[in-house]
Amino acid sequence: MGTTKEWIAMLLAGGEGKRLGFLTSEMAKPALPFGGKYRIIDFALSNCTNSGIDTVGVLTQYQPLILNAHIGIGIPWDLDRKHGGVSILAPFLKYGEEGKWYRGTANAIYQNICFIDKYDPHYVLVLSGDHIYKMDYSLMLKFHKEKQADLTIAVIEVPWNEASRFGIMHTDSEGRITEFQEKPAHPQGNLASMGVYIFGTEILKQYLQADNERAGSGNDFGKDVIPLMLDEGCRIFAYPFQGYWKDVGTIESLWEANLDLLSSENGLDLFDRNWRIYTVNQNQPPHFIAPGAKIENSLANEGCEIFGEVSNSVLFTGVHIGEGTVIKDSVIMTNVRIGRNARIERAIIDENAIIGDECLICSERKDPPEIILVRENMILPENSVIRTTSP
Amino acid sequence: MKDVMGIVNVRIQDDIIRVLTDFRCIASVPFGGRYRLIDFILSSMTNSGVQKVAVFTLHKYRSLMDHLGTGKSWDLNRKEDGLYILPPNVFYYSQTSYPGDIRSFYSQMDFFEHSKQKDVIISPGNLVCNLDLREAIAFHRKSGADVTVFYREDAEYEPDFPWKRKLKVSRNNRVLELEEEPGTLEGNKVLVEIFIMSKLFLLETIENSILNGAGDLFQDVILKDRDKLNIYAYPVRGYFAAINSIKRFYRANMDLLNPAIRQNLFFQPGPIYTKVKDEPSTKYATGSNVFNSLLANGCLVEGTVENSILFRGVKVKKGAFIKDSIIMQKSEIEEDARVEYAILDKEVTVSRGKEIIGRENGPVVIGKRKKL
């Protein structure tokens with residue numbers, strides 16, 4: 001084997017997550033904590049490892065500090081390799097040119113063609129670091145080869161009322177894509193792009209070049225590159241995916257995705273030893289459930305000390321819950337300390353917040369639920385009451 | 001502390017902590033939900049700034065080597081120094097009886113000669129503790145001792161304390177008397193077999209011992225020559241247990257249910273490190289009932305757990321009842337099974353409806369991968 005790889009992954013991780021409020025003020029969306037111990041990007045990275053991909057370029061732009069620290073040299077995902085492994089690809093200055101930010105998803109890859117060339121792969125898998133799902137990309141590659149496709153796009157059926165948030169695909173009976181609408185106002189279908197693409201390397205480079213030369217292009221895969229390829233008659237196929245897939249766009253959907261993990265039929269089995277989700281593990285002792293505490297239908301992690309009552313909730317590492325406190329339908333992130341006799345319902349408490357004794361955090365609106373977000377490092381004094389997010 | 005070498009001297013203790021040491025040495029016996037015994041002294045050493053640790057093993061060290069790996073979890077995967085696992089020389093292994101730790105050291109003379117460290121700290125591998133060794137080393141250097149031994153105050157009242165010898169010290173902790181036969185001295189200071197000495201002193205001792213046939217560093221050198229040597233004593237403070245029996249193992253685990261002990265042992269003066277596993281969050285089902293227990297990640301709890309310690313990846317099915325027990329990694333307690341006063345080694349299955357019940361002062365121990 002020379003230096004050639006069959007395939008490599010390019011993972012787009014620069015997303016800002018505008019609708020996530022404070023949660024993404026200091027980190028990119030892929031770095032958001034999820035599921036008690038993970039960050040969202042762990043899913044795409046673990047999928048790569050489990051699918052047999054050993055070379056991943058992670059494209060960062062927005063608030064990369066936490067993401068960079070999390071990924072490190074890729075040890076948790078076994079991506080610390082002599083040849084390949086994980087590389088963080090941030091925007092950079094080029095010789096004799098002005099430095100440029102990544103203008104769109106396609107432009108981010110275009111600016112890193114030199115990285116792709118270094119490995120000279122037959123195929124390039126383009127991923128988004130924003131999504132929570134378990135997927136075997138090797139099956140998709142097999143499909144791509146069988147169809148002799150220029151481009152394969154993974155698709156999933158989404159609820160009709162959400163279709164306008166996604167890139168919507170229309171296919172013929174062979175699964176070949178005939179039409180593609182990016183975030184249509186009036187969707188004609190509900191087959192949504194998951195932002196997972198497999199390209200033949202040459203065709204990818206050819207169209208990235210073409211797109212780059214086109215005046216007025218937004219340099220985006222969904223809006224520009226894929227429509228251009230369709231227009232020019234490329235063979236683009238839809239690879240149907242079945243299973244849990246979530247694009248966490250809002251505080252409500254982040255809350256919901258966490259609570260999804262509590263149902264046994266969620267389709268996202270994190271206990272599956274054949275498809276582990278890897279992350280940076282914290283070094284904390286086992287968690288303690290005190291005499292008099294109660295915990296039901298919940299997730300808890302190492303380092304937690306639980307003296308109160310917890311139901312329908314997700315507790316991250318090192319959470320302390322005082323005596324008499326009741327936590328319901330909530331997501332409590334790493335190292336949060338909650339005093340005694342507090343009550344928290346339908347809330348996300350961000351990392352390192354301190355909630356005093358007798359606090360009440362519970363929105364009045366249940367349907368649809370209004371989720372109260374308590375900011376990172378916030379200190380709420382005793383007897384504080386928060387009933388709504390609106391001021 | 002770059003100039004101090006740690007030596008973890010793993011002894012053969014199969015006879016005293018049976019079943020759990022059937023397939024592993026004492027240092028790799030699982031403890032406290034996610035640790036192995038060696039983690040405590042290893043973390044104490046690295047938290048104190050020791051950057052070179054030699055682990056002397058004698059037998060059944062497969063699981064120990066697997067656990068330690070390159071030493072990464074303790075930050076001991078270093079270009080210079082770091083972790084060295086030193087199994088015995090085949091020649092000695094084939095002998096019928098263990099010739100003593102000095103022989104093990106002697107077979108690694110090259111290793112010692114090549115080491116740049118000035119002092120060594122020698123500890124057994126079965127201690128549950130979190131020690132600040134910086135202070136101990138500073139004390140040793142200031143005193144000018146040939147050997148610093150450790151001691152524990154009032155240890156005679158701790159049941160199953162493995163060491164019985166008392167010592168008497170001067171005001172500045174110079175050892176004035178060290179019992180040859182336990183029970184002859186008054187006082188409350190009991191010897192703990194952790195030693196600090198210069199590398200030079202250790203090497204000279206090894207060479208002399210090989211000539212005069214001495215085998216055991218403590219018995220044949222420190223104790224025998226106690227009147228000739230300049231010995232000082234340093235106190236072991238904080239939580240401390242030397243695991244030398246099933247009863248002590250059981251009790252030390254149960255001690256962790258006390259929040260003050262947990263806080264002290266796991267965080268003060270530094271954190272205890274172990275090899276991490278990629279287990280998901282522990283999941284509590286509706287109807288689960290957990291009370292006064294410690295659980296590691298990756299458990300699935302549908303039944304009842306009281307006063308117990310669950311290691312990573314344990315499954316407790318609906319109607320199962322666990323009380324006053326230690327359940328190790330990936331064991332499974334099926335529907336309506338009952339486990340009380342028991343220690344279940346890794347991957348044990350207790351079938352539906354089955355009862356495993358030991359006694360408070362004599363917990364029942366079930367070996368690895370048994371299906372009951």
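Keep in mind that what you see is a predicted model, and the values were worked out from it rather than measured.

### Describing the side chain of A:H144
Okay, so step 1: Within the secondary structure layout, A:H144 lies in helix α5 (residues 137-146).
Okay, so step 2: Those residues within four positions of A:H144 in sequence are excluded, and the remaining contacts are A:Y123, A:A149, A:D150, A:L151, A:T152, A:I198, A:F199 and A:G200.

### Quick word on the sheet that holds strand β18 (residues 304-306) of chain B
Backbone hydrogen bonds hold the strands of a sheet together, and the pairing may be parallel or antiparallel.
All names here are of chain B.
Okay, so step 1: One open sheet holds the five strands; their spatial order is β15-β18-β21-β24-β27, and the pairing between them is parallel. Looking at the sheet topology across the chains shown, the edges are occupied by β15 (289-291) and β27 (355-357). With direction set aside, neighbouring strand axes in the sheet form an average angle of 5°.
Okay, so step 2: As paired strands, β18 and strand β21 (residues 321-323) are joined by three bridges and run parallel to one another. Across the sheet, E306 pairs through a bridge with K323, a residue of β21.

### Thoughts on the side chain of A:D329
All names here are of chain A.
Okay, so step 1: With respect to the helices and strands, D329 occurs in the loop between β21 (326-328) and β22 (331-332).
Okay, so step 2: Nearest to the buried, unbridged D329 among oppositely charged side chains is R346, at 4.7 Å.
Okay, so step 3: With near-sequence residues (within four places) excluded, D329 lies in contact with W255, L259, S311, N312, S313, E345, R346 and A347.

### Considerations on the sheet that holds strand β6 (residues 119-124) of chain B
All names here are of chain B.
Okay, so step 1: Taking strand neighbours across the sheet as the criterion, the seven strands line up as β5-β4-β1-β6-β11-β8-β12 in an open arrangement whose pairing is mixed. In this open sheet, the two edge strands, each paired with only one partner strand, are β5 (82-86) and β12 (231-235). On average, each strand axis in the sheet is tilted by 25° relative to the strand beside it, whichever way the strands run.
Okay, so step 2: Taken strand by strand, helix α1 (residues 38-47) contacts β1 (4-9), β4 (52-56) and β6, and its axis lies near 175° from that of β1.
Okay, so step 3: Strands β1, β6, β8 (147-153) and β11 (189-198) of the sheet are contacted by helix α7 (residues 199-212), whose axis makes an angle of about 95° with β11.

### What to know about the domain arrangement of chain B
The parts lose accessible area when they come together, and the size of an interface is often stated as this lost area.
Residues and elements named next belong to chain B.
Okay, so step 1: Each domain of chain B was delimited in the assignment, giving domain 1 (4-267) and domain 2 (283-366).
Okay, so step 2: Taking only C-alpha atoms, the centre of domain 1 and the centre of domain 2 are 33 Å apart.
Okay, so step 3: On the side of domain 2, 23 residues touch domain 1, which itself brings 19 residues to the contact.
Okay, so step 4: When the two sides are added together, the surface that domain 1 and domain 2 hide from each other amounts to roughly 1700 Å², 71% of it contributed by carbon and sulfur.
Okay, so step 5: Considering only the side of domain 1, the residues that lose the most area to domain 2 are G33, Y250 and L257, jointly responsible for 35% of the buried surface there.
Okay, so step 6: The interface formed by domain 1 and domain 2 includes one salt bridge.
Okay, so step 7: One salt bridge connects D345 with R24, and the closest N-O pair in it is separated by 2.9 Å.
Okay, so step 8: The interface formed by domain 1 and domain 2 holds three residue pairs in polar contact (both at pLDDT 80 or more) in total.
Okay, so step 9: Secondary structure elements with two or more residues in the side of domain 1 that touches domain 2: β2 (30-31), β3 (35-36) and α9 (246-255).
Okay, so step 10: Classifying every residue of the side of domain 1 that touches domain 2 by side-chain character gives 11 nonpolar, three polar and five charged.

### So, the state of the cysteines
Okay, so step 1: Using the criterion set out here, one finds zero disulfides over all chains in the structure.
Okay, so step 2: Left unpaired, B:C25 is separated from the closest cysteine sulfur, that of B:C129, by 16 Å.

### Things to note about the interface of chain B and chain A
Okay, so step 1: Listed per partner, the contact involves 41 residues of chain B and 38 residues of chain A.
Okay, so step 2: Summed over both partners, the interface of chain B with chain A buries about 3100 Å², with 49% contributed by carbon and sulfur atoms.
Okay, so step 3: Run the count over chain B and chain A and you get three salt bridges.
Okay, so step 4: Linking chain B with chain A are 24 residue pairs in polar contact (both at pLDDT 80 or more).

### What about the environment of B:Q51?
Residue and element names in this part refer to chain B.
Okay, so step 1: Mapped onto the secondary structure, Q51 falls in the loop between α1 and β4.
Okay, so step 2: Separated by 66 residues in sequence, Q51 and Q117 place their C-alpha atoms 9.7 Å apart.
Okay, so step 3: Ignoring any residue separated from it by four or fewer positions in sequence, one finds Q51 in contact with M1, K2, V4, L76, D81 and G82.

### Some words on the packing of helix α6 (residues 201-213) of chain A against helix α7 (residues 221-231) of chain A
Think of two packed helices as two axes; the pair is described by the angle between the axes and how far apart they sit.
All names here are of chain A.
Okay, so step 1: It is the contact of α6 with α7, at a shortest axis distance of 10 Å, that shows an interaxial angle of 115°. When the axes of α6 and α7 are compared, the pair comes out roughly perpendicular. At the point where α6 passes α7, the crossing takes the right-handed sense. Listed contacts from α7 to I203, L204, Y207, L208, A210 and D211 of α6 are F221, D224, V225, L228 and M229.

### Details of the packing of aromatic side chains
Okay, so step 1: Applying the stated criterion to the full structure yields 27 aromatic pairs over all chains.
Okay, so step 2: Ring geometry for B:Y35 versus B:F40: centroids 5.7 Å apart, planes at 45°, classification tilted. A single burial state applies to B:Y35 and to B:F40, both of which are buried.
Okay, so step 3: Centroid distance B:F139 to B:Y234: 5.6 Å. Interplanar angle 50°. Geometry classified as tilted. Of this pair, B:F139 sits in helix α6 (residues 133-143) while B:Y234 sits in strand β12, and the two are 95 residues apart along the sequence.
Okay, so step 4: B:F139 sits in the partly exposed class, given a relative accessible area of 21%.
Okay, so step 5: The class of B:Y234 is buried, set by a relative accessible area of 7%.
Okay, so step 6: Among the aromatic residues, ring-to-ring pairing joins B:F31, B:Y35, B:F40, B:F249 and B:F266 into one connected group.
Okay, so step 7: Against the face of A:F92 rests A:K94, its NZ or CZ located 4.3 Å from the ring centre.

About the thresholds
Residues numbered from 1 in each chain as written. Chains lettered and ligands numbered in written order. Predicted model: local features only at pLDDT ≥ 70, side-chain atom pairs only at ≥ 80, totals over all residues. Heavy atoms only, no water. Helix = DSSP H or I, 4+ residues; strand = E, 2+ residues; numbered from the N terminus. Contact = heavy atoms within 4.5 Å. Pairing = 2+ DSSP bridges. Axes fitted to C-alpha atoms, helices over the stretch in contact; angles between N-to-C directions. Buried < 20%, exposed > 50% of the residue type's maximum accessible area, 1.4 Å probe, protein only. Lys, Arg positive; Asp, Glu negative; His and termini not counted. Salt bridge = Lys/Arg side-chain N within 4 Å of Asp/Glu carboxyl O. Domains from an automatic or database assignment. Buried area = accessible area lost by both parts, 1.4 Å probe. Polar contact = N/O pair within 3.5 Å; in protein donor to acceptor, adjacent residues only side chain to side chain. Nonpolar A, V, L, I, M, F, W, Y, C, P; charged D, E, K, R; others polar. Disulfide = S-S within 2.5 Å. Parallel < 35°, antiparallel > 145°, perpendicular 65-115°, else oblique. Left-handed = near helix turned anticlockwise from the far one by under 90°. Phe/Tyr/Trp six-rings, centres within 6.5 Å; stacked < 30°, edge-to-face > 60°. Lys NZ or Arg CZ within 6 Å of the ring centre and 35° of its normal.

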